[in-house]
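Chain residues, written in single-letter form:
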Amino acid sequence: MKETRRLQPDSWVIAGGRPNAPGSPLNTPLISASNFLHGGEQCYSREDGTETVRALESVVGGMEGGHGIAFSSGMAAAAAVLHTLGSGSEIALPHDCYHGVVSLVMEGEAKGLWTARRLDLADTKAWELAVTECDLVWIESPSNPLLVVADLPAICDPSHGRKAGALVCVDSTFATPLLQRPLAVGADVVMHSVTKYLGGHSDLLGGMLITATEDLRDQLMHTRTLTGAVPGALETFLALRGVRTVALRLEKSQTNAGALAQLLIAHHQVSAVRYPGLAAHPSHEVAARVLDGFGSMISFEVKGSGERADRLCAALRLVRHATSLGGVESTIERRSTIEGQGHLPPTLLRLSVGCENLKDLWDDLEQALSATATS
Ligand SMILES: *Cc1c(COP(=O)(O)O)cnc(C)c1O
């Protein structure tokens, strides 16, 4: 079901996907059901979802301007996109990209399912070419964890021509539907890890694909049915509840992040700060043009060793030392401990800025920076 957004995004997240029949509850309830009595529109929830799943699909789909399909996790959504490929396909994939997606693609390549072409997200010309040559163009923007922003309008520009049947999929998890709407500039499908900002409370796993066309929606929905990747009842209910406040949460966390990026860059114990809102960030010009805000993720490097960065994580009190991101609570992690060294500097810390008070956040970062200072 496609519901068209009639309101500004920050109203739509609150008003979209709600029951309308007289006497119905104001909020779509948690429906825990596998089967339904024959004769109605739904039969079995692995196939049809539930009213709660459809409400979530409707509100997020409306935000992106397409057809939403809810999945049990972001990775389940990514796997469904890869499942569309025939054997011998070529996939374009960024160097800086969520490590789970990279593993899924590279392990598939090792099995001979497809080949991968790794590209620098900032190299717009290489992506413009990939759109004409590859079968799947997977873009993650802003990227995890280096926060590179892709020039989506240029890459998706229809005048460059697209390989027949090729898909452009954008993992827009870091942007949320509030900061970027890839379908509007020509992408075929958008992916979100609902686990992050859309859920917003670090208490669920979820994923979402939003397609430009009904045909692609039907194809991906079919994959969801066959692979059983439909989200559970409680997770769906919590995600729907989380989505209602995403605009409010992002406004606060983004304001915090903008201020913290400035404070961090001025701190003598910090050697580099990556935040798209900083004029010195390599993607700043693109980000200012293609995003409606710079988001609330910051990656920064501290002076000293990886071990010093670990001590910094341990010295923080308000900012929690934990993986994942996009919750109301600020979290920090030394990324190379998760992804391996690869292309990442050993002291790179990824900070997911939450909705706490800015002064409390900075006081905490400052005390941890000085408690672990190296000369
Ligand atoms: C977390 C994340 C994923 C994977 O989503 P899960 O919900 O953990 O399966 C994919 N892409 C990005 C950018 C992410 O941050």
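Here is what the cut-offs are and how they apply
- Residues numbered from 1 in each chain as written.
- Predicted model: local features only at pLDDT ≥ 70, side-chain atom pairs only at ≥ 80, totals over all residues.
- Heavy atoms only, no water.
- Buried < 20%, exposed > 50% of the residue type's maximum accessible area, 1.4 Å probe, protein only.
- Helix = DSSP H or I, 4+ residues; strand = E, 2+ residues; numbered from the N terminus.
- Polar contact = N/O pair within 3.5 Å; in protein donor to acceptor, adjacent residues only side chain to side chain.
- Near = heavy atom within 4 Å.
- Areas by Shrake-Rupley, 256 points an atom, 1.4 Å probe, with all protein chains shown as cover.
- Nonpolar A, V, L, I, M, F, W, Y, C, P; charged D, E, K, R; others polar.
- Pairing = 2+ DSSP bridges.
- Axes fitted to C-alpha atoms, helices over the stretch in contact; angles between N-to-C directions.
- Parallel < 35°, antiparallel > 145°, perpendicular 65-115°, else oblique.
- Left-handed = near helix turned anticlockwise from the far one by under 90°.
- Contact = heavy atoms within 4.5 Å.

K.L.:
Can you walk me through helix α4 (residues 74-82) in this structure?
P.N.:
At 3.6 residues per turn, the α-helix brings residues three or four places apart onto the same side. The buried count for α4 comes to seven of nine residues, which makes it a mostly enclosed element. For α4, the set of buried residues is Gly 74, Ala 76, Ala 77, Ala 78, Ala 80, Val 81 and Leu 82. Where α4 starts, the residue carrying a side-chain oxygen 3.4 Å from the main-chain nitrogen of Met 75 turns out to be Ser 73.

K.L.:
Just checking my understanding: could you explain the site of the ligand for this structure?
P.N.:
The immediate surroundings of the ligand are formed by 14 residues, with Met 75, Asp 171, Ser 193, Thr 195 and Lys 196 found nearest. Lys 196 is positioned such that a nitrogen or oxygen atom in its side chain is 2.7 Å from an oxygen atom of the ligand. Alone, the ligand offers 380 Å² of accessible surface; in the complex the protein occludes 94% of this. When the residues that make up the shell around the ligand are grouped by side-chain class, the tally is four nonpolar, seven polar and three charged.

K.L.:
Sorry, what's going on with the pairing of strand β9 (residues 297-302) here?
P.N.:
Moving residue by residue along a regular strand, the side chains alternate between the two faces of the sheet. For β9, a buried count of six out of six residues is recorded, marking the element as mostly surrounded by other parts of the structure. Burial of β9 is two-sided: the residues Met 297, Ser 299 and Glu 301 facing one way and the residues Ile 298, Phe 300 and Val 302 facing the other way are all buried. Examined bridge by bridge, strand β8 (residues 270-274) and β9 share four bridges and lie antiparallel to one another. Bridged to Ala 272 within β9 is Glu 301.

K.L.:
What should I look at first to understand the packing of α4 against helix α5 (residues 99-110) in this one?
P.N.:
To describe two helices that pack against each other, one gives the angle between their axes and the distance between the axes. At a minimum axis distance of 10 Å, the contact between α4 and α5 shows a crossing angle of 30°. One element, α4, and the other, α5, form an angle in the roughly parallel class. Considering how the two elements wind past one another, α4 and α5 form a crossing that is right-handed. For the pair α4 and α5, contact is made by Met 75, Ala 78, Ala 79 and Leu 82 and by Gly 100, Val 101, Leu 104 and Val 105, respectively. Its residues placed into classes, the contact of α4 with α5 shows seven nonpolar, one polar and no charged.

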